[in-house]
Amino acid sequence: MRLVPCPDCGPREQNEFVCMGEPSPHPDPAADLADALYARTNAKGPVDEMWWHKFGCRRWFRLGRDTASNAFVP
Ligand SMILES: [Zn+2]
């Protein structure tokens with residue numbers, strides 16, 4: 001089982017977490033709302049993602065992950 005490093009609980013099994021993907025910036029009122037809400041860069045390489053420790057401390061936190069290797073990066 002893959003371990004996810006929670007800032008509060010330490011390394012825990014991935015099935016305790018929900019990954020919500022890239023954090024979305026505050027939408028620009030002049031921009032298309034659908035693009036602001038749903039368009040993601042889907043970049044290859046290191047990205048920041050929002051994770052929720054749903055079945056643990058219930059904290060939201062940012063975690064870096066390399067999308068090419070699927071490894072967590074500091
Ligand atoms: Zn936690």
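So, how was this worked out
Residues numbered from 1 in each chain as written. Predicted model: local features only at pLDDT ≥ 70, side-chain atom pairs only at ≥ 80, totals over all residues. Helix = DSSP H or I, 4+ residues; strand = E, 2+ residues; numbered from the N terminus. Buried ≥ 20, exposed ≤ 12 C-beta atoms within 10 Å, placed from the backbone. Contact = placed C-beta atoms within 7 Å. Pairing = 2+ DSSP bridges. pLDDT = per-residue confidence, 0-100.

Quick notes on the overall build of the chain
- When helices and strands are tallied, the chain shows one helix and six strands.
- Of the regular secondary structure in the chain, the N- to C-terminal order runs β-β-β-α-β-β-β.
- Judged by the C-alpha coordinates and their principal axes, the chain covers about 40 × 25 × 20 Å.
- Relative to its full complement of 74 residues, the chain shows a buried share of 3%.
- A separation threshold of at least 6 residues defines the contact pool for the chain, and within that pool the share at least 24 residues apart is 46%.

Details of the environment of Cys9
- Inspection of the secondary structure assignment puts Cys9 in the loop between strand 1 (3–6) and strand 2 (10–13).
- Through-space distance from the C-alpha of Cys9 to that of His53 is 9.2 Å; in sequence the pair is 44 residues apart.

Let's talk about the pairing of strand 5 (residues 60–66)
- Two strands pair when backbone bridges link them, and strand 4 (residues 46–52) and strand 5 are joined in this way by seven bridges, in the antiparallel orientation. By the bridge assignment, Asp48 is partnered in strand 5 with Gly64.
- Where strand 5 and strand 6 (residues 72–73) come together, two bridges link them in antiparallel fashion. Note on strand 6: the bridge partner recorded for Gly64 is Val73.
- What sits between the antiparallel neighbours strand 5 and strand 6 is a turn of five residues, in which Asn70 has the positive phi angle 65 degrees.

So, unusual backbone geometry
- If you check the backbone angles, Arg58 has positive phi at about 65 degrees while not being a glycine.
- The phi dihedral of Asn70 is positive, around 65 degrees, even though this residue is not glycine.
- Mapping Asn70 onto the fold places it in the loop between strand 5 and strand 6.

Comments concerning the confidence of the model for the chain
- When pLDDT is averaged along the chain, the result is 91; 100% of the residues meet or exceed 70.
- Taken element by element, the predicted model of the chain shows its lowest mean pLDDT in helix 1 (residues 33–38) (80) and its highest in strand 2 (97).

Remarks on the sheet that holds strand 6
- Pairing in this open sheet of four strands is antiparallel, and the strands run 3-4-5-6 from one edge to the other. Unpaired on one side and paired on the other, strand 3 (18–21) and strand 6 mark the two borders of the sheet.
- Here three bridges tie strand 3 to strand 4, and the two strands are oriented antiparallel to one another. Each residue of the ladder has a partner; that of Gly21, found in strand 4, is Met50.

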